[in-house]
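Chain residues, written in single-letter form:
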Amino acid sequence: MNFWETITGSDLTREYKAFEARAEALPVEYRAAWEEIQANLFAYGDFTGRNLMPILDGALGLLEETASDGQTIREAVGDDIKAFCAALAGEEGAKSYRDKWRDQLNKNVARKLSRLGE
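Notes on the structure in this doc start here. (Residues numbered from 1 in each chain as written. Predicted model: local features only at pLDDT ≥ 70, side-chain atom pairs only at ≥ 80, totals over all residues. Heavy atoms only, no water.)

Focus: the packing of aromatic side chains
- Applying the stated rule across the entire model yields one aromatic pair.
- Considering the side-chain rings of Phe19 and Trp34, the 6.3 Å spacing of their centres and the 80° angle between planes classify their relative orientation as edge-to-face. Remark: Trp34 occurs in helix α3 (residues 28-41) and Phe19 occurs in helix α2 (residues 10-24); sequence separation between them is 15 residues. For the pair formed by Phe19 and Trp34, the shared burial category is buried. (Phe/Tyr/Trp six-rings, centres within 6.5 Å; stacked < 30°, edge-to-face > 60°. Helix = DSSP H or I, 4+ residues; strand = E, 2+ residues; numbered from the N terminus. Buried < 20%, exposed > 50% of the residue type's maximum accessible area, 1.4 Å probe, protein only.)

Shown next, in the form of structure tokens:
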């Protein structure tokens, strides 16, 4: 990966398109689960989403493997896809971008209030 690809994100676009091509080969119920997994995981991404690429690759690999084994989507990811995604992103309590922004805002407000008391 060169500097220009990193700056423009074209490497991510190429990788994401490869994910989509792989997902097209999945059965219908697996493709629906893949869409839901993507939607739930993006909340755990950083600004670029670069940190999610290995997680998405692993999740898609799991779906491909379980589909080829003939398992149902429920056997693969369970009943709660949102909880499955939280576990993929770093177990229960993983911080989403909203949580990170809320923490940052609270720290800034606390710092400003402490300056007022001086």
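Back to the write-up after that little detour.
Here's the deal with the environment of Phe42
- For Phe42, the location among the structural elements is in the loop between α3 and α4 (53-68).
- Residue Phe42 is classed as partly exposed on the basis of its relative accessible area, which comes to 40%.
- Each C-alpha atom, one on Phe42 and one on Ala89, is 9.8 Å from the other, the two residues being 47 residues apart in sequence.

Concerning the environment of Glu29
- Mapped onto the secondary structure, Glu29 falls in helix α3.
- In this structure, the C-alpha to C-alpha distance between Glu29 and Arg74, residues 45 residues apart in sequence, is 9.8 Å.

Points about the packing of α2 against α3
- Between α2 and α3, the least distance of the axes is 10 Å, while the angle of their chain directions is 150°. Judged on the interaxial angle alone, α3 and α2 are roughly antiparallel. The two elements α2 and α3 cross, and the hand of that crossing is right-handed. Contacts between α2 and α3 involve Tyr16, Phe19, Glu20, Ala23 and Glu24 on the former and, on the latter, Arg31, Trp34, Glu35 and Gln38.
- The class makeup of the residues in the contact of α2 with α3 is four nonpolar, one polar and four charged. (Axes fitted to C-alpha atoms, helices over the stretch in contact; angles between N-to-C directions. Parallel < 35°, antiparallel > 145°, perpendicular 65-115°, else oblique. Left-handed = near helix turned anticlockwise from the far one by under 90°. Contact = heavy atoms within 4.5 Å. Nonpolar A, V, L, I, M, F, W, Y, C, P; charged D, E, K, R; others polar.)

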